[in-house]
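# Structural description and commentary
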2 protein chains.
Amino acid sequence: MILGVRHDDLRKRNRAMVIAAVRREGQPSRTDLVSRTGLSHSTISAISSDLIAEGVLRPVKSGENEVVRRGRPQVSLGLEPKAATVLTVVLLLNTLSATVFDYAGEIVAQKRERLSTLTASRDELVGAVTHMIEAVLQDAGRTPNDVMRMTMAVQGITDSDARAMLWTPITPESDIPFADILERRFGFPVTVQNDCNMIAVALRARDPERYRDNFVTLLLSNGIGMGLVLRGELFTGAYSSGGEFGHMIHRPGGALCRCGRHGCIEAYAGNYAILREAAGRSDQTVADADVDPQTMLELAQDARAADGPARAAFTRAGEAIGYGLGSLFALIDPAPVAIVGPGTLAFDMMEPSIREAIGQTAGGQHDAVISFDLEADEMPLILEGCARRALEAVDNELFAPGYIATMQAGA
Amino acid sequence: MILGVRHDDLRKRNRAMVIAAVRREGQPSRTDLVSRTGLSHSTISAISSDLIAEGVLRPVKSGENEVVRRGRPQVSLGLEPKAATVLTVVLLLNTLSATVFDYAGEIVAQKRERLSTLTASRDELVGAVTHMIEAVLQDAGRTPNDVMRMTMAVQGITDSDARAMLWTPITPESDIPFADILERRFGFPVTVQNDCNMIAVALRARDPERYRDNFVTLLLSNGIGMGLVLRGELFTGAYSSGGEFGHMIHRPGGALCRCGRHGCIEAYAGNYAILREAAGRSDQTVADADVDPQTMLELAQDARAADGPARAAFTRAGEAIGYGLGSLFALIDPAPVAIVGPGTLAFDMMEPSIREAIGQTAGGQHDAVISFDLEADEMPLILEGCARRALEAVDNELFAPGYIATMQAGA
DNA sequence: CCCTTTTTTTTCGAGCCTCGAAAAAAATAA
DNA sequence: TTATTTTTTTCGAGGCTCGAAAAAAAAGGG
C-alpha cells in the first residue's frame, strides 16, 4: 500500500527533524534551526517550546566561544539528559561490555568483563549478558523501567529485523534471539546489530564531511567484517545484516575458510589465514578460532624486516582484499574506505598489494576517490554507533511517533 | 541540510500518490484509491476532481468485467492520454529505435533501424539519433514542443546523473553527453539510462508480486549486464549507473576481458568468451565485438549433443556467473534473478554449473529464494522500462512539482 | 411504477499546521 | 537614557485533511 501523508504526520516529521538537528549540531539556537531545516521562525518557535515543555530539550547557557554581538543573544538548545536512558551491550570475542547513556549521549555507567565466549554455553552467554545489564544499571542508579531502548552489537551475522544473532565466530552457538530473550526479561525494546554496521553509523556521525553518502568500513581481525553506507543509508541485506565482504569469493575452490567453504576473501586476509600462510601451513588447514594480537604484531615486524614468508602472506592478504574491493566497486562505484581493528597495525604491509589489485579491476577507475583511513581501536566506534542508534530510535519513536527517519533499518 | 516539510508539500505528495496509484492500478475508482492510499474520501475526492479539471485524469466508462451490484456504481479513473507525450530511444549494438508514447502509456508511433554502431563515427551516431527522433515525431503527428520528457536507454555505462553514455561496447566512442546534446537540439528534458536498469524497472512494473523489494536482472549477451533493485529502489552507483556485474573479478589475472582487464566474469560468460573457449582459442585472445546469435544457438546444440568443448565452455561460463552471484548474494543476501537476452537460449547448459557454484558460496544459504526466470527478448522490456521511467518523471515533476518519488534516481 | 436499500461521491465545518508580518524581548552602542 | 540590532514570540490568514452528513446513482421489491 502506498501510504498517503496525513496531516498530523507533518508535525511529527518536523519535530523529528528538529530533534535530529539538535542531536547533530550539538547546541544550535532557534535561528540555527531555522536555517538548518528551512522551516519558518514561527514553526521552530512553536516546536521548540513544545519540546522544552515536554522535557526533551532545554535551553542551555551559551558556551565560551560565544561571539559578543549587538542584539538579543541567541539561546542555545540542548538535549535534556534526563529525558531518557538507553543501554548498549557489545559482545565480541572473549569480551562483553555494557554501557548506560543519558539522553544527551553521555556515559552514565559502564562495565566490561572478559568472558570465554568460545567455550561458554548458550545459557552462560545469555546469563552473562543479563547479569551485566543488571549490574551496570545498578551502577547507574537506574531500573529497567527507566531504559527506553537497548542496542546490542555482536560480531557476526544478525537478522534483517535486528532481533537475533544468526551466526558468529565468537561461539559455536548460533541463532540466539537476544532481542526476544532480553525484552521478555527486562521489558524494554532491544535491537541486535552487526558490529561493523555500528562502526559505520559512528563514523558517519563523527565525520560527516568525509563519511556521508557512500563509504565502506572494513574491520580487519581474525575475520573480515564490513559496514556499507550507500546513498546515506546503512546497507543491510534482505534477510540478514548483509555485507559479508569476507565471504565473497576470491579464488573459486581456494583456501579453506573458517565458514567451511573455499576461496573466501577471509581465507586469505583474516588473521588466521595470514598466520597460516606465514607459518608455511597448508591453506587447507582448519583455522585458529583466535589469534593473539601480539603474534600478528610480530608477524608484521618480520614482514617489514625482510622479504620472507610473512611479507608474502601479507601481500597475499592485500591481494584478496584488493580484488574484493575491486569487485565491490564494480557494483557500487569506488568509495572511501575506513579500515578498523587490529589489522590496521599491519596495514602498511598490505596497502601496496591492495592498491595493486584494485588497479587490476574495473573499480580502479576513479582512483582518486579511493582512500584508506585507519582506526586501530574498534571498541569506541562500536559503542558510539550503538548509542547513536539507540538514541535516534528514541528520538523518533518516542518524541515524534509515526515518523521513521533514515539510517533506521531494523530499528 | 535536513529539509523540513512545508505545508503545501502535503498536497503535492498526495497528488503524486494518487497519480502513481492510478498508473499502477490501471483504472481504480475513488473508493479503490481510498483503500490504496489510506487517505480519506474527502481528500481523494478533492484531489481527483482537481486532477480531472487539470486534464491529468479522466473518468472512464466501466470495463466489461464490472460486477453488477446494488448501489451507486464506481466511476473508474484513468490517465488522460492527451495529458502528455513522452519519447524513448533505445540504442543497442547495431540497432536504434525510437518510440512515442501518450500519457496513458500507449504507443503512438515507433521506428526502428539497423545502424552499424561499431563503425559509425560520433557525429554519425548523434545524427542518426536526431534524425530518428524527428522522423518518429512526424509519424506521431507531434512536434518537439509536445514532448515533455525523453528517456534514452543505452547498452553500457551511464553517469549517475543520467546525462551521458560514459562507456559502451557498441562503439569505440565514449563519453557522449546525449542528454546535453539532445536537450539543446530539441528543448525537452532528456535522461540517459542503462539498458539493464530499464529492464529492472519494467519487470517491477510487470510483476510486482515477484519483483518487488529485492531482485537481480542479468542480461546475457556478448557482455553481461546487470540491473539491481534493493529495498524497492533501483540501485545505481555514486558516479555511474553502477552494477557492473560482468566486471567483478572471477579469477584474478585470468582470461582477457573486452575491457582490457583480466579475469572478469564477462571474460568467461560473455558470448565471445564462450565461443573463444569452445573454439579452443586461448582465453587471452582479443574478444569478438559481436557474436552472431545463430553461432551461439549452434554452440548450444553442440553442447547439448555431446560432452565436448562446447559443453565445457558453457559449464565454465555458468561457473563464473554462479560464483559472481554467490559473491553478490554474500553482500545483499539471495534474491530472485531474471535472466534476459539471447543467453537464455542456452541457459539450460549453464544452470547446473551456476547452481553448483552458488552452492559453494555464502550466498547459497537461502537456496529456496534463488530462482531463475527466463525472458529471451530484452527489447520489449527495455522499451517498457524507458516509457515507465519517462512517464513517472512527468507524473512527479509536472503534476506534483517538488515531490520526488522513489525509483527516480537520476531522473 | 414508485419507494426502499445500498453504495459511491461530494459537501461542509472543525481542527491543525505552517507562514509572513508585526510585536516583544534582550542585548550593545552612543 | 535612547537608538539600534538581533532573536524570539505572537497573531491572523490560508491550506490541508478528516469525519459526518448530505447528495447522487444505481438495484430490489411490492
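See the structure printed just above.
Note that the coordinates shown come from a computational prediction; the quantities given were computed from them, not determined experimentally. (Residues numbered from 1 in each chain as written. Chains lettered and ligands numbered in written order. Predicted model: local features only at pLDDT ≥ 70, side-chain atom pairs only at ≥ 80, totals over all residues. Heavy atoms only, no water.)

## Describing the overall build of chain A
Helix and strand counts for chain A come out as 12 helices and 14 strands. In terms of overall size, chain A behaves like a compact globule, its C-alpha atoms giving a radius of gyration of 23 Å where 411 residues would be expected to give roughly 22 Å. Taking the principal axes of the C-alpha coordinates as reference, chain A spans close to 70 × 50 × 50 Å. Burial analysis of chain A (411 residues in total) assigns 56% to the buried set. Long-range pairs, those at least 24 residues apart, make up 63% of the contacts in chain A between residues at least 6 apart in sequence. A total of about 16,500 Å² of accessible surface is found on chain A, and carbon and sulfur atoms cover 48% of it. With 40 positive and 52 negative side-chain charges, chain A shows a spacing of 7 Å between the two charge centroids. (Helix = DSSP H or I, 4+ residues; strand = E, 2+ residues; numbered from the N terminus. Rg over C-alpha atoms; globule rule 2.2 N^0.38 Å. Buried < 20%, exposed > 50% of the residue type's maximum accessible area, 1.4 Å probe, protein only. Contact = heavy atoms within 4.5 Å. Areas by Shrake-Rupley, 256 points an atom, 1.4 Å probe, with all protein chains shown as cover. Lys, Arg positive; Asp, Glu negative; His and termini not counted. Charge placed at Lys NZ, Arg CZ, Asp CG, Glu CD.)

## Some points on the protein's contact with DNA strand D
Near DNA strand D lie 27 residues; those nearest to it are A:Thr31, A:Gln74, A:Val75, B:Ser42 and B:Thr43. Among all atoms of DNA strand D positioned within 4 Å of the protein, those belonging to sugar or phosphate total 69%. Within the side chain of B:Asn14, an N or O atom sits 2.8 Å from a phosphate oxygen of DNA strand D. One of the backbone N or O atoms of B:Arg72 is found 3.2 Å from a base nitrogen in DNA strand D. At the level of elements, helix H2 (30–37) and helix H3 (41–53) of chain A together with helix H1 (9–25) and helix H3 (41–53) of chain B are the ones that each hand at least two residues to the surface near DNA strand D. When the residues that make up the surface near DNA strand D are grouped by side-chain class, the tally is five nonpolar, 13 polar and nine charged. (Near = heavy atom within 4 Å. Polar contact = N/O pair within 3.5 Å; in protein donor to acceptor, adjacent residues only side chain to side chain. Nonpolar A, V, L, I, M, F, W, Y, C, P; charged D, E, K, R; others polar.)

## Some details on the protein's contact with DNA strand C
Looking at DNA strand C, there are 27 residues lining it, with A:His7, A:Ser42, B:Thr31, B:Gln74 and B:Val75 nearest. Here DNA strand C approaches the protein such that, of its atoms within 4 Å, sugar and phosphate make up 70%. The backbone of B:Arg72 places a nitrogen or oxygen atom 2.8 Å from a base oxygen of DNA strand C. The set of elements that each furnish at least two residues to the surface near DNA strand C consists of helix H1 (7–25) and H3 of chain A together with helix H2 (30–37) and H3 of chain B. Here the residues of the surface near DNA strand C sort into five nonpolar, 13 polar and nine charged.

## Some details on the pairing of strand E3 (residues 85–92) of chain B
Residue and element names in this part refer to chain B. Burial analysis of E3 places eight of its eight residues in the buried class, the great majority of the element. The two faces of E3 match: Thr 85, Leu 87, Val 89 and Leu 91 on one face and Val 86, Thr 88, Val 90 and Leu 92 on the other face are all buried. Relative to strand E4 (residues 95–102), E3 runs antiparallel, the two sharing eight bridges. Bridged to Val 90 within E4 is Ser 97. Between E3 and E4, which pair antiparallel and follow one another directly, the connecting turn spans two residues, one of which, Asn 94, has a positive phi of 60 degrees. With seven bridges connecting them, E3 and strand E6 (residues 147–154) associate as parallel partners. Bridged to Val 90 within E6 is Ala 153. (Pairing = 2+ DSSP bridges.)

## What to know about the sheet that holds strand E10 (residues 215–220) of chain B
All names here are of chain B. Spatially, the five strands line up as an open sheet ordered E12-E11-E10-E13-E14, and their pairing is mixed. Taken across any chain shown, the strands that pair with only one partner, and hence form the sheet edges, are strand E12 (233–234) and strand E14 (372–375). Pairing between strand E11 (residues 224–230) and E12: two bridges, direction antiparallel. Counted as the bridge partner of Leu 230 is Glu 233 from E12. In this fold helix H10 (residues 309–332) packs onto E10, E11, strand E13 (337–340) and E14, with an angle of close to 155 degrees to the strand it touches most, E10. (Axes fitted to C-alpha atoms, helices over the stretch in contact; angles between N-to-C directions.)

## Brief notes about the sheet that holds strand E11 (residues 224–230) of chain A
All names here are of chain A. Within the open sheet, the five strands sit side by side as E12-E11-E10-E13-E14. Their pairing is mixed. The open sheet has two edge strands with one neighbour each: strand E12 (233–234) and strand E14 (372–375). Here strand E10 (residues 215–220) runs beside strand E13 (residues 337–340); their pairing, made up of four bridges, is parallel. Residue Val 216 lies in a different strand from E13, and its bridge partner there is Val 337. Strands in contact with helix H6 (residues 195–206) are E10, E11, E12, E13 and E14; relative to E10, the strand with the most contacts, it is inclined by about 130 degrees. Together, E10, E11, E13 and E14 form the strand contacts of helix H10 (residues 309–332), whose direction differs from that of E10 by roughly 155 degrees.

## Considering the interface of chain A and chain B
Taken together, the contact between chain A and chain B spans 56 residues of the former and 56 residues of the latter. Carbon and sulfur atoms supply 59% of the area that chain A and chain B bury against each other, a total of about 4,900 Å² over both sides. Between A:Arg231 and B:Glu233 there is a salt bridge, with the nearest N and O atoms lying 3.4 Å from each other. In this structure, the connection of chain A to chain B is made through 18 residue pairs in polar contact (both at pLDDT 80 or more). Counting only elements with at least two residues in the side of chain A that touches chain B, the list comes to H1, H2, E11, E12 and H10 of chain A. Of the residues that constitute the side of chain A that touches chain B, the class distribution is 27 nonpolar, 20 polar and nine charged. (Buried area = accessible area lost by both parts, 1.4 Å probe. Salt bridge = Lys/Arg side-chain N within 4 Å of Asp/Glu carboxyl O.)

## So, H6(A)
Residue and element names in this part refer to chain A. If you check H6, its first and last C-alpha atoms are 16 Å apart, about what 12 residues at 1.5 Å a residue would give, namely 16 Å. Most of H6 sits inside the fold, with nine of its 12 residues counted as buried. Those residues of H6 not exposed but buried are Asp 195, Cys 196, Asn 197, Met 198, Ile 199, Ala 200, Val 201, Ala 202 and Leu 203. Between the side-chain oxygen at the start of H6 and the backbone nitrogen of Cys 196 there is a gap of 2.8 Å, and the oxygen is on Asn 194. (Expected span 1.5 Å × (residues − 1).)

## Describing the pattern of salt bridges
Here the structure, examined in full by the defined rule, presents 44 salt bridges over all chains. The salt bridge partner of A:Arg11 is A:Asp50, with a shortest N-O separation of 3.4 Å. Residue A:Arg11 is found in helix H1, and its partner A:Asp50 is found in helix H3; the two are separated by 39 residues along the sequence. Looking at A:Asp50, the relative accessible area reads 30%, which means it is partly exposed. Of the charged contacts in the structure, one is a salt bridge between B:Asp373 and B:Arg210, with a shortest N-O distance of 2.5 Å. Within this pair, whereas B:Asp373 is found in strand E14, its partner B:Arg210 is found in the loop between helix H6 (195–206) and E10, the two being separated by 163 residues in sequence. Relative accessible area serves as the criterion here: at 28%, B:Asp373 is assigned to the partly exposed category.

## Structural notes on the packing of H1(A) against H2(A)
Residues and elements named next belong to chain A. Two elements in contact, H1 and H2, have axes separated by 10 Å at closest approach and are oriented at 110 degrees. Taken together, the axes of H1 and H2 are roughly perpendicular relative to one another. Relative to H2, H1 is oriented so that their crossing is right-handed. The residues of H2 that touch H1, namely those facing Met 17, Val 18, Ala 21, Val 22 and Glu 25, are Leu 33, Arg 36 and Thr 37. (Parallel < 35°, antiparallel > 145°, perpendicular 65-115°, else oblique. Left-handed = near helix turned anticlockwise from the far one by under 90°.)

## A few points about the environment of A:Val90
All names here are of chain A. Relative to the helices and strands, Val 90 is located in strand E3 (residues 85–92). Given a relative accessible area of 1%, Val 90 falls into the buried group. Spatially, the C-alpha atom of Val 90 lies 5.7 Å from that of Met 152, the residues being 62 residues apart in sequence. In this structure Val 90 touches Thr 95, Leu 96, Ser 97, Ala 153, Met 379, Ile 382 and Leu 383, once residues within four positions along its chain are discounted.

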